[in-house]
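# Coordinate inspection notes
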Amino acid sequence: MTDLDRFRTDTRAWLTANCPAAMRQPLRSDDDVCWGGRRYAPSSPEQKQWLDAMAARGWTVPDWPIQYGGGGLSPAETKVLREEMAAIRARSPLNSFGISMLGPALLKYGTEEQKLDHLPKIARGEIRWCQGYSEPNAGSDLASLATSAEDGGDHYIVNGQKVWTSYADKADWIFCLVRTSKASKQGGISFVLFDMASDGVSTRPILLISGNSPFCETFFDNVKVPKANRVHDENKGWDVAKYLLGHEREMISGMGLGGSGKNPLIAGAIATIGLDHDGRLADPILRAQIALFEVRAQAFSAMSERFIDELKAGRAHPAQPSMMKYYGTELNKDRHELMMAAGGSDALEWESDASNTGAMPRAWLRTKANSIEGGTSEIQLNIIAKRILELPS
Amino acid sequence: MPLYLDDDQTALQDTIRDFIADAAPVSHLRALRDADDPAGFSRDLWKRFADMGFTGILIDEAAGGLGLGHVEAGVVLEEIGRNLSPSPFLTTAVAAVEALRGSAQADRWFSRILAGETVAALAIDEAAKHRDRIELTATRSGNGFRLTGAKRFVTHGYVADLLIVAARTAGSEADRDGITLFAIPRDAANLTITPARLADSSIAAHLAFEGVDVDADAVIGEVDAGRAPLDRLLRAGRTGASAELLGVGGGAMDMTMGYLKQRKQFGQAIGSYQALQHRAAHLYSEMEVARAAVLKAQQLLDADSNRADEAVLVAKAMSGMATTLSVNESVQMHGGIGMTDEYDVGFYMKRARVLTELWGDPNFHADRLAIAAGY
């Protein structure tokens, strides 16, 4: 038995003993997602129990170093853990922009003090982070951002406005791009961290076409940010921003996977439309569309596995997250279009209890942002063309 | 196991890449076509494959082969695809070997395949579209069987020494079981073989069995139990064809990226135009996803996983769709020159069409995937 086999056996036994049955059920709604944070209110005792058990082993961030709250696992061990969790359909114990975005950037660019200060709190789900990137006049052209950080001696004075700040109204801290120099576009940006409870920070949720408000406008009015909270050098924030965007794209691409367990598209289509006497979906054209979609979805699932394996081994092209983001988000939009087609008029109900207050149409509308947020599909195609295919500009 | 080629597989890729690019580049295909070569491939090249051990890539080391797996066979096939090299490798070293594996016939044929003396052809399809139905009958007659019926789309069927024929020995036409595989020589009496050159200038054959008598020892495996070796043959063949498709799609894409950088219009390289950049980037994405799907199927086959069947369906469908996109985009982005016979990109389009159709097209495989998922 190899060490990896032994790790798999031990992991399986530990998960069996420690993952509560309720945490092996599919998510019923967004409320079931554990985001942690100062204002974390567990949706069930089992959710808290699962978070604490995993965090105690460092397995909310299994491949981070142990001293920063991680599990210190190798890429191969991390993959085994992921496979064993998938095998029992275990929910993710903690979802967080701290894990998927800020953490990797701090591991690469943070000072030792910043890492020790922030990473363990992310790993334990104690602090919930939001991302201050886009501005009203800086969308796809992100580097044209104008939120200013004036030098105030040992601190900056931050003024300006961010937009599309996911869950800003629920977050404890923000990682934020600010302009510290007007002399250069990309070369005048710095990357800073601050508490959302600071004086001068306010948020306003934006009502979206889904009827929900996952995004906010975020305003900064003379916010004092200690210079010690700047990650990497002054005016070098764009390097951090781009590195972090790679991880954000990787995370968003995961939406193309559609989760583990029973396939909701297929189950939904069978429930609404039914099977004919041969056991085929009774709408043959929709059946064909779903089947061809499933080919791409399953192929993309293999692509995600390959991408993660190559990334961990340092073999992935640095711009490959753009391909993953592009493909995964377009796929997710296709999936929800098919779910709506399969659902018929049931999938149109917006408020009824039967529809779980319109969970399906609201989710469908939410997916339309997938190919906009984190860099539009068109921006990703530009990046692939220039950096991977090396086409001329 | 990580989903990328390991060091040994990468080393094999380097070897085979250089060998095939040197021995059988696209100009080799063009020369065979222009000479109207009756075999459609070079026997000399096949012998060189044997000398390097590649014909025995899937044959166990104990039997004199390399004892490697579907990942390695795919590495060879991708380079065959990239160079459009006409070769009986897929039918002989991959599909036929899988059909024969473990049967009493194996010893006899494996040594010839290892020596590069045998070319095998698979006689499975009976209709213009691949399907599971086997209607050609083999009825007991004397010491053996008498075969009656027809086969088509038998690649290399006109020159093969070994024909592997799927015949019905029990049950009715639509049954999955009741099938027996036979190993039949090309010169059997009452067997008429008519060659048919295909769009990609490969040569397939129509086979007419008008009471072909064979001895009982022509049976591969057990009578009525041919479904298992046939499935094995098809899984390996489809996975191999998928790898070859990746090479075809990748080769066309590489040519096209080169062209986009070099061809100038309106005073600049056409690859600087966003309309073409976005099409190229989308194509790249589809090919990457297809590559992952194919490697996944190969690894699961090598691991003898119960998830391999589904992965093979996905691989064949996805590689067919992505490569079809690749060759279509390639001709379009080349513009007029892509339509000329003199330029190679059209060869890629033709080979892609044949491989996409072989042993089931993307629609066939998507349908099977749906059935497996219960809808």
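Quantities reported herein were computed from a predicted structural model and do not represent experimental measurements. (Residues numbered from 1 in each chain as written. Chains lettered and ligands numbered in written order. Predicted model: local features only at pLDDT ≥ 70, side-chain atom pairs only at ≥ 80, totals over all residues.)

## Some points on the overall build of chain A
In terms of helices and strands, chain A carries 11 helices and eight strands. Relative to the 2.2 N^0.38 estimate, which gives 21 Å for 393 residues, the radius of gyration of chain A is 22 Å and therefore close to what a compact globule would have. With respect to the principal axes defined by its C-alpha atoms, chain A has extents near 75 × 50 × 50 Å. Buried residues in chain A amount to 43% of all 393 residues. Residue pairs at least 24 apart in sequence account for 71% of intrachain contacts in chain A once pairs closer than 6 positions are excluded. (Helix = DSSP H or I, 4+ residues; strand = E, 2+ residues; numbered from the N terminus. Rg over C-alpha atoms; globule rule 2.2 N^0.38 Å. Buried ≥ 20, exposed ≤ 12 C-beta atoms within 10 Å, placed from the backbone. Contact = placed C-beta atoms within 7 Å.)

## Quick notes on the domain arrangement of chain A
Under the domain assignment used here, chain A contains domain 1 (3-95), domain 2 (129-236) and domain 3 (258-388). Taking the mean C-alpha position of each, domain 1 of chain A and domain 2 of chain A sit 31 Å from one another. (Domains from an automatic or database assignment.)

## Details of the UniProt feature "domain: Acyl-CoA dehydrogenase/oxidase N-terminal" (unreviewed entry) in chain A
The UniProt entry lists residues 48-126 of chain A under the feature "domain: Acyl-CoA dehydrogenase/oxidase N-terminal" (unreviewed entry), expressed in the numbering used here. In the segment residues 48-126 of chain A, helix accounts for 61% and strand for 0%; the C-alpha atoms at its two ends are 12 Å apart. (UniProt positions renumbered as here; feature names shortened; annotations may be inferred.)

## Details of the domain arrangement of chain B
Residues and elements named next belong to chain B. Entries for chain B in the domain assignment read domain 1 (7-119), domain 2 (122-224) and domain 3 (228-372). Centre-to-centre, using C-alpha coordinates, domain 2 lies 30 Å away from domain 3. Each side of the interface is counted separately: domain 2 has 11 residues, and domain 3 has 10 residues. When the residues that make up the side of domain 2 that touches domain 3 are grouped by side-chain class, the tally is seven nonpolar, three polar and one charged. (Nonpolar A, V, L, I, M, F, W, Y, C, P; charged D, E, K, R; others polar.)

## A word on the pairing of strand β7 (residues 215-226) of chain A
Residues and elements named next belong to chain A. The pairing of strand β3 (residues 155-166) with β7 spans nine bridges and is classified as antiparallel. In the strand pairing of β7, Lys-162 is matched with Thr-218. Judged from the six bridges that link them, strand β6 (residues 201-206) and β7 form a sheet pairing that is antiparallel. Looking at the pairing, Pro-205 lines up with Cys-216 of β7. (Pairing = 2+ DSSP bridges.)

## A closer look at the nonpolar core
Counting residues in each nonpolar core, the largest one holds 161 residues, and the members touching the most others are Ala299(A), Ile164(B), Phe182(B), Ala293(B), Val314(B) and Met318(B). Setting aside residues up to four positions removed in sequence, Ala293(B) forms contacts with Ala299(A), Ala302(A), Val314(B), Ala315(B), Met318(B) and Ser319(B). The next biggest cluster of nonpolar side chains, apart from the first, holds 60 residues, and it includes Met23(A), Val192(A), Met196(A) and Ala241(A). (Core = buried A, V, L, I, M, F, W, Y, C linked by C-beta atoms within 7 Å.)

## Overview of the UniProt feature "domain: Acyl-CoA dehydrogenase/oxidase N-terminal" (unreviewed entry) in chain B
Those residues carrying the UniProt feature "domain: Acyl-CoA dehydrogenase/oxidase N-terminal" (unreviewed entry) are residues 7-117 of chain B in this numbering. Secondary structure content for residues 7-117 of chain B is 63% helix and 0% strand, and the end C-alpha separation is 31 Å.

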